[in-house]
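Notes for the structure review
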Amino acid sequence: MARMTRSILHLDLDAFFCAVEELNDPSLAGLAFAVGGQPGKRGVVASCSWPARRYGVRSGMPMGEAVRLCPQLLVVSHGFGNYAEISARVMSLAQELTPMVEPVSIDEAFLDITGLPGDPTLIARALQERIARQLNLPCSIGGGSNKLIAKMATNAAKSAGRGGAPPRAIKIVAPGAEADFLAPLAVEALWGCGPKTTERLREMGVSTLGDLARWPTRDLMRRFGKHGYDLGQRARGIDERIVESTFVTKSVGHSSTFLRDQREALPIRRKLRDLAERVGLRLRRQHLRGRTVTLTLRWSDFTTVMHQTTLPMAVNDDLHIWQAAEALLESYWPRGRPLRLIGVRVSGLEPDRQGRQLELWEAPRELALQAALDNIRNRFGDGALRRCSAMGRSGSYESPTPVFRMNHGQRSSAARA
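The residue count restarts for each chain, going from 1 along the sequence in the order it is written. The predicted origin of the model limits local features to residues at a pLDDT of at least 70 and limits the giving and counting of side-chain atom pairs to 80 or more, whereas totals for whole chains, interfaces and linings rest on all residues. With hydrogens and water excluded, all non-hydrogen atoms of the structure serve as input to the side-chain values.

Quick notes on the overall build of the protein chain
For the record, the criterion: Secondary structure elements are taken from DSSP: a helix is a run of H or I of four residues or more, a strand is a run of E of two residues or more, and numbering for both begins at the N terminus. Here's how the labels work: a residue is buried when its accessible area is under 20% of the maximum for its type, exposed when over 50%, partly exposed in between, all with a 1.4 Å probe on protein chains only. Areas reported here follow the Shrake-Rupley algorithm with a probe of radius 1.4 Å; residue values treat only the protein chains shown as occluding.
For the protein chain, the count of helices and strands is 14 helices and 14 strands. Taken over 417 residues, the protein chain has a buried fraction of 45%. Within the structure as shown, the protein chain displays about 21,300 Å² of accessible surface, and the carbon and sulfur contribution to it stands at 52%.

Next up, the structure:
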């Protein structure tokens, strides 16, 4: 059996510390500032804004040098930022896409998306847009058949997009194109090739990764030892390391904030059903089931309450998740009380070892329809189909025959998939 080509993404948050500081203090936007230690105390630049980079300020340089390059530079202490909290939110969004997420620093992570339906470029763009929309953070994403190529694709994309604003770059190297991608790059661009190694390689007449890939492995090992072997492998785009995720999914949930505080039952129930479907889809994609359904309600005064119920057996189908959440809503939402946010979460998870094998208590008609919808969404994207009842149409939400509408721009053949 042929081995499946891996598909790896490298997520890099653009100037992360500065982006978080701008969230905390929007007046910093557009200014030349750096996050790090004070210049008089041997401080170092941890991150700098894009306007500061125009003056030559770079991460890792002494803050005193940065101030000399840019006299008007604002220095923001990085000791009080909520960086870990924001980073955790980003990683959580990544883990909603795939459980195989390996954070490598507070602002970087690898994602293994092997087997996910859809073009990797579109998957990367959707993740980038979601991080921007939900967290207001810029990021760049590289992709390829292994971690090395994904990381270097990110670096190449960000270098090509340098300017006065975050690059928000995306570059995916297609399988089989690794050598062509690497060959023209300078040797110092190779992950793990430091200044001293670069100097020695240039003394040998090796200036590009194409030169390094063609150099005899035996001679590289004679000159550099085991590191020489690794250099040759990397220059050829060979990297067998896997994405090592220590993340264990404990719950799966979605929430939504209404544009205006909502007091009408029908829009609230529409949103509840939509959230239940999104949770169910994620559970099925991760081959998980759960026993506990939690309903989150946030009132107009920002008070948040959560109520939960435990089902007789673990489920991952939309119908039972929605029915449990609906029962909680009926019990704990006083009719007419304005709601700011509503959320649905399933916990008490276990592996779905039975796949789509039906239980006696499940409704075959609803599940057959759900399986067909999953196939369409996997082929054409999560937004390809939505229930008309969730799109603000008039009529009862509990219609026994759900009606669905293709989103504009989707291929009509999806309806027959």
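Quick notes on the sheet that holds strand E12 (residues 339–351)
The condition that has to hold: Strand pairing is defined by DSSP finding a minimum of two bridges between the two strands. What counts as an axis is a line fitted to C-alpha atoms, over the stretch in contact for a helix, and the angles between N-to-C directions run from 0 to 180 degrees.
Spatial strand order, E9-E12-E10-E11: 4 strands in an open sheet with antiparallel pairing. In this open sheet, the two strands that pair with only one neighbour each are strand E9 (251–262) and strand E11 (304–315). For this sheet, the mean angle separating the axes of adjacent strands, direction not counted, is 15 degrees. With 8 bridges joining them, E9 and E12 adopt antiparallel strand pairing.

With respect to the sheet that holds strand E2 (residues 33–36)
Short version of the rule: Contacts between residues were defined by any pair of non-hydrogen atoms, one from each residue, lying within 4.5 Å.
Taken in spatial order, the 3 strands of this open sheet run E3-E2-E4, and their pairing is mixed. Edge positions in the open sheet fall to strand E3 (45–48) and strand E4 (74–76), since each of these has one partner strand only. Averaged over all pairs of adjacent strands, the angle between their axes in this sheet comes to 30 degrees, without regard to strand direction. Note: E2 against E3, 3 bridges, orientation antiparallel. Bridge pairing in E3 links Ala 34 to Cys 48. Across the sheet, helix H1 (residues 16–24) is in contact with E2, E3 and E4; its angle to E2 comes to roughly 110 degrees.

Points about the nonpolar core
We count it as follows: To qualify as a nonpolar core, a set must consist of buried Ala, Val, Leu, Ile, Met, Phe, Trp, Tyr and Cys residues joined through side-chain atoms within 4.5 Å.
In this structure, Phe 16, Leu 111, Ile 131 and Leu 137 are the most contacted members of the largest nonpolar core, which totals 32 residues. In terms of residues, this core owes the most to one element, helix H4 (residues 83–97), which gives 6 residues. Look past the residues within four positions of Ile 131 in its chain and what remains in contact with it is Leu 11, Leu 13, Val 90, Leu 93, Asn 136, Leu 137 and Cys 139. Counting residues in hydrophobic clusters, the runner-up holds 28 residues, among them Ile 268, Leu 297, Trp 299 and Val 346.

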